[in-house]
Amino acid sequence: MRRRRSYARIMRKLGVSRNELFAQIDKPALNALPPMPYQYAEWKKCRVAPDYHVEIAGHYYSVPSRLIREELEARVTDRTVEILHKGSRVASHARSDVPQCHTTIPEHMPSAHRRYAEWTPARIKREAAKIGPATIALVEAIMKAKPHPEQGFRACLGILRLARSYGSARIEAACQRGNDIGATTYGSIKSILQHGLDRAYANERPPDGPPIRHGNIRGTDYYQ
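Here is what the cut-offs are and how they apply
- Residues numbered from 1 in each chain as written.
- Predicted model: local features only at pLDDT ≥ 70, side-chain atom pairs only at ≥ 80, totals over all residues.
- Heavy atoms only, no water.
- Helix = DSSP H or I, 4+ residues; strand = E, 2+ residues; numbered from the N terminus.
- Buried < 20%, exposed > 50% of the residue type's maximum accessible area, 1.4 Å probe, protein only.
- Contact = heavy atoms within 4.5 Å.
- Areas by Shrake-Rupley, 256 points an atom, 1.4 Å probe, with all protein chains shown as cover.
- Salt bridge = Lys/Arg side-chain N within 4 Å of Asp/Glu carboxyl O.
- Pairing = 2+ DSSP bridges.

Draft legend 1. Layout of the overall build of the chain. Tallying secondary structure elements over the chain gives nine helices and seven strands in all. Scored against the burial criterion, the 224 residues of the chain give a buried share of 33%. Restricting to contacts in the chain with at least 6 residues of sequence separation, those with at least 24 account for 53%. For the chain, the exposed area adds up to about 15,600 Å²; of that, 51% sits on carbon and sulfur atoms.

Draft legend 2. How the structure looks around the pattern of salt bridges. With the rule as written, the count across this model stands at nine salt bridges. Put simply, lysine 130 and glutamate 127 hold a salt bridge, and the shortest N to O gap is 3.2 Å. Because the salt bridges share partners, they merge into one network encompassing Arg75, Glu82 and Arg89.

Draft legend 3. View of the pairing of strand β4 (residues 71-76). Here β4 shows a clear split, with Leu72, Ala74 and Val76 buried on one side and none of Glu71, Glu73 and Arg75 buried on the other. Here six bridges tie strand β1 (residues 42-47) to β4, and the two strands are oriented antiparallel to one another. The partner of lysine 44 across the bridge, within β4, is alanine 74. Note that β4 and strand β5 (residues 80-85) share four bridges and pair antiparallel. Note that in β5 the partner of glutamate 73 across the bridge is leucine 84. Hairpin geometry of β4 and β5 is characterised by an intervening segment of three residues between the two adjacent antiparallel strands.

Put into structure tokens, the structure is as follows:
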């Protein structure tokens with residue numbers, strides 16, 4: 001109450017009250033409050049992968065497929081992910097903290113989900129065949145686990161590229177271990193290689209074949 005009275009009190013030097021000065025000077029200059037509260041946002045540049053998704057904090061968000069390989073900007077808040085191309089928003093998603101999963105808007109998919117001109121499931125399997133059967137089985141498992149095979153392209157291509165650093169033999173051994181223990185992701189295969197866990201598979205000897213039968217070799221019956 002005292003504060004309100006002080007605002008209404010006439011100031012001797014000015015001959016007006018604080019309330020009157022506010023109404024005459026400050027109030028006409030005020031703007032309306034923004035319709036939405038302020039949200040802290042971070043900006044990130046990202047490139048669209050062949051599966052028409054961009055990676056934000058370990059999660060993958062779709063954009064229109066016509067933007068494959070384009071560099072975009074993402075505005076990230078604690079609730080939303082907005083993706084812009086040359087200053088225009090092309091996608092908006094609710095933010096997800098689930099790692100290594102996809103948030104996909106159906107309208108972003110290619111018409112009839114046509115295969116890409118450069119990379120297809122068949123081509124990825126052909127490239128995997130150059131490494132070995134375990135690699136083929138692993139890329140097939142990755143693509144089969146996704147709602148659309150294209151969503152597994154990123155992981156498959158990443159695994160194939162690891163051959164540049166580790167060689168085909170180690171990739172094949174790592175994929176064999178990954179298949180055996182159900183670790184069919186890019187991160188799992190890379191971890192197997194980094195920790196040398198593929199070497200045990202690479203050094204495994206093939207199982208013994210059937211016994212050799214020859215006239216000069218005495219069988220076990222000879223000693224009975």
